[in-house]
Amino acid sequence: GRYTTSKRQLSSQYADIYYYRLNKLKKPLKEAASRKFGTSLPTVNRILELEIGIKSVVCGTLYKEMKLKPNILDEINNDPTAGATNPPIEGLKNGRFVSDEDTIVLEDESGRVTLNLEAEGLPKVAQLVTGAVLAFVGILHENGALIVSDMCAPGLPPQRKIALHSSSSDAKESDSDPLMLLVSGLSLGDPTSDPLATDLLVDYVTGNLGGSADHAEAARIAQVIVAGASCYSTPEGAKPAAEGGGGASDKAAAADRMRAQHRVDASPLQELDLMLTRLCASVPVDVMAGPGDPCCMYMPQQPLLPCLLPSAKTYNTLRTTTNPYEATIALKAGSNEKSSFSSSKDKSTSASAKQDGAADGVLVMGTSGQNVEDIIKYSTLDGSLDILERLLEWRHLAPTAPDTLACFPLADEDPFIIEECPHIFFAGNQQEYGATTMTGPDNQKVLIISVPSFSSTNTAVLVNMRTLESRPIDFSCDAFE
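Computed from a prediction, not measured in an experiment: that's the story for all the values here.

**A closer look at the overall build of the chain**
Along the backbone of the chain there are 10 helices and 17 strands. Taken over 481 residues, the chain has a buried fraction of 49%.

**Focus on the sheet that holds strand β6 (residues 179-183)**
The mixed open sheet is built from 6 strands, whose spatial order is β9-β8-β7-β6-β16-β17. Unpaired on one side and paired on the other, β9 (318-321) and β17 (469-474) mark the two borders of the sheet. Pairs of neighbouring strands in the sheet enclose a mean axial angle of 20 degrees, with direction left out of account. Taken together, the 4 bridges between strand β8 (residues 285-288) and β9 define a ladder with parallel strand orientation. Residue pairing in the sheet places valine 287 in a bridge with threonine 320 of β9. Across the sheet, helix α5 (residues 212-219) lies against β6, β7 (221-227), β16 (459-464) and β17, angled at about 75 degrees from β7, the strand it touches most.

**Quick look at the side chain of threonine 459**
In this structure, threonine 459 sits in strand β16. Judged by its relative accessible area of 12%, threonine 459 falls in the buried class. Threonine 459 has contacts with Pro452, Phe454, Pro472, Ile473 and Asp474, leaving out every residue within four places of it along the chain.

**Regarding empty space enclosed by the protein**
Under the counting rule described, the total for this entry stands at 2 cavities of 30 Å³ or more. When its volume is computed, the largest cavity comes out at roughly 50 Å³. Lining the largest cavity are Lys64, Met66, Lys69, Val129, Thr130, Tyr378, Thr400, Asp403 and Thr404. Class assignment of the residues belonging to the lining of the largest cavity gives a composition of 3 nonpolar, 3 polar and 3 charged. Of the voids in this model, the second largest cavity is the one considered here, and its volume is about 30 Å³. As for the second largest cavity, its lining consists of Ile17, Arg21, Ala401, Cys407, Phe408, Leu410, Glu413, Asp414, Pro415 and Phe416. Considering only residue class, the lining of the second largest cavity consists of 7 nonpolar, no polar and 3 charged.

**Focus: the environment of threonine 314**
Note on placement: threonine 314 falls in the loop between β8 and β9. The spacing of threonine 314 and cysteine 280 is 34 residues in sequence and 9.4 Å in space, taken between C-alpha atoms.

**Some words on the pairing of strand β14 (residues 434-439)**
Taken together, the 6 bridges between β14 and strand β15 (residues 445-452) define a ladder with antiparallel strand orientation. Paired with glycine 434 across the two strands is serine 450, which belongs to β15. Counting the residues between successive antiparallel strands, the hairpin from β14 to β15 contains 5 residues, one of them, asparagine 443, with a positive phi of roughly 65 degrees.

**Side note on the sheet that holds strand β4 (residues 133-140)**
Strand order in the closed barrel formed by 5 strands is β1-β2-β3-β5-β4, with mixed pairing between adjacent strands. Looking at each pair of strands side by side, their axes are set apart by 55 degrees on average, direction ignored. Inspection of the sheet shows strand β3 (residues 112-116) paired to strand β5 (residues 145-152) by 3 bridges, in the parallel sense. Bridge assignment links leucine 115 to a residue of β5, and that residue is leucine 146. In this fold helix α1 (residues 15-37) packs onto β1 (55-65), β2 (103-107), β4 and β5, with an angle of close to 70 degrees to the strand it touches most, β5.

**Points about the pairing of β2**
Bridge count between β1 and β2: 5 bridges; the pairing is antiparallel. Looking at β2, one finds that threonine 61 is bridged to glutamate 107.

**What about the packing of aromatic side chains?**
This structure, assessed with the given rule, holds 5 aromatic pairs. Considering the side-chain rings of phenylalanine 454 and phenylalanine 475, the 6.2 Å spacing of their centres and the 50 degrees angle between planes classify their relative orientation as tilted. Remark: phenylalanine 475 occurs in the segment after β17 and phenylalanine 454 occurs in helix α10 (residues 454-457); sequence separation between them is 21 residues. Like phenylalanine 475, phenylalanine 454 is buried. An aromatic cluster of at least three residues, connected via ring pairs, comprises Tyr204, Phe454 and Phe475.

**Quick notes on the pattern of salt bridges**
Applying the stated rule across the entire model yields 15 salt bridges. Aspartate 150 is the partner of lysine 36 in a salt bridge, and the nearest nitrogen-oxygen pair spans 3.5 Å. On the criterion of sequence distance, the pair formed by lysine 36 in helix α1 and aspartate 150 in strand β5 is long-range, its members being 114 residues apart. Assessed through its relative accessible area of 47%, lysine 36 is described here as partly exposed. In this structure, arginine 319 engages aspartate 286 in a salt bridge whose closest nitrogen and oxygen atoms are separated by 2.6 Å.

**Things to note about helix α8 (residues 370-377)**
Inspection of α8 places Gln370, Asn371, Val372, Asp374 and Ile375 among the buried residues, and these make up the whole buried set. Buried residues belonging to α8 abut β12 (361-367), α9 (384-394) and β13 (424-430).

**Examining the layout of surface pockets**
Estimates place the volume of the largest pocket at around 790 Å³. Along its surface, the largest pocket is lined by 37 residues, and Pro28, Pro154, Gly155, Leu156 and Arg395 are the ones closest to its centre. Among the secondary structure elements, those contributing two or more residues to the lining of the largest pocket are α1, β5, α7 (351-355) and α9. Among the elements that make up the lining of the largest pocket, the one with the highest residue count is α1 (8 residues). The residue inventory of the lining of the largest pocket, partitioned by class, reads 19 nonpolar, 7 polar and 11 charged. In this model, the second largest pocket occupies a volume close to 440 Å³. Along the wall of the second largest pocket there are 17 residues; nearest its centre are Ile376, Ser384, Asn429, Gln430 and Gln431. Elements with a contribution of two residues or more to the lining of the second largest pocket: α8, α9 and β13. For the lining of the second largest pocket, the leading source of residues is α8, giving 3 residues. Among the residues making up the lining of the second largest pocket, the classes are represented as 5 nonpolar, 9 polar and 3 charged.

Reading the values: rules and limits
Residues numbered from 1 in each chain as written. Predicted model: local features only at pLDDT ≥ 70, side-chain atom pairs only at ≥ 80, totals over all residues. Heavy atoms only, no water. Helix = DSSP H or I, 4+ residues; strand = E, 2+ residues; numbered from the N terminus. Buried < 20%, exposed > 50% of the residue type's maximum accessible area, 1.4 Å probe, protein only. Pairing = 2+ DSSP bridges. Axes fitted to C-alpha atoms, helices over the stretch in contact; angles between N-to-C directions. Contact = heavy atoms within 4.5 Å. 1 Å grid on protein atoms, 1.4 Å probe; cavity = no way out; pocket = protein on both sides within 12 Å on 5 of 7 lines; lining within 4 Å. Points joined across faces, edges and corners; volume = space filled by probe spheres on them. Nonpolar A, V, L, I, M, F, W, Y, C, P; charged D, E, K, R; others polar. Phe/Tyr/Trp six-rings, centres within 6.5 Å; stacked < 30°, edge-to-face > 60°. Salt bridge = Lys/Arg side-chain N within 4 Å of Asp/Glu carboxyl O.

Below you can see the structure in the form of structure tokens.
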């Protein structure tokens, strides 16, 4: 798949990702700018070609200078007189690293220019993030700042055509419409979560909960996606530490505590294996990597190792997948065709070919939520749905990577670029459920879903893949009283 990488060396430079991102998105960005601003304004190819007093269109990558952003050098130095140790702590207290002193610049391979966004109708600096590739209309001032009057993003990419219910008469849900269940943040093994809710979820999917209507609905579930954070991770401070003076008895006691901790750490995986075994006996299940799961934290996160799920891996309906997630799910009623990953390197399945109706399937794309969480930390954007809409407009899943979101330093690609518009776009491990429909200028239609954390809300999301509608399902004990 496009997110699976064999180049996991950390010796490369991260600058190559930004160069590749800008070069890849510059063409659609210039086309979007031409449609919005017209062709009368001159477009400069490089920032250094801007001339003082001339209104021009310029493209580049944003970089936000943030006073409160943590700096590892300040932490290493730990010098109170440096004046940069306390601000990050202040930022952590309010949950955001945003201040009124932040500035934003536009840069490319030739140089950078400071942006002045004081004109009416423009977003504030705090509403933008590092890494987004955008176009601006402005006049270069003598002080070196670009006085911006308008801006635009690349916009939604092309979308394949599929047979969706579009008219009001067809919009009613059919008994044959395939369904997809989205769940995230199971956090199995968490002592504070409700294990009964998880059992009710499994019983519902397998058709062992409710009446005949619930059984018929469960029979239409064609795919289950577990969007990360499946295992509870023991807080670092709760792990036992070896103490004592180094005697034989102290070493033996420390070894016993370590073995006990290993058993505790393995318990969530055992619970996940048991749950997936029950689910995979009835329906195809894709398990995404996510925060706290036993996998590398660098994005794109690679799939969980099958050896961690010895019982569930015996079913061919189980697939451990990457984070981000991208798959095509067949819409044929009663089809047993398993959803397949789309590869950006497969020329036969390019966006243009799919747009001509080459495949009847819904393109599903999403993450386990780290990209949304990171943007919330470094901006004043709040709603998950608003952030997901902006990501589609920017054509990028994780613009803040690698600046504040850890990722692999890939030299010849940026796997987070959205090359084809999905039909369903989601983010897992959010605080609450939300859904909206976004439309594009070329008749694109995207269902955007905020998937809540199951361990804190006991809520999963059921999606009708034919009508592109969704609704939450509450599995808390109160909901069944």
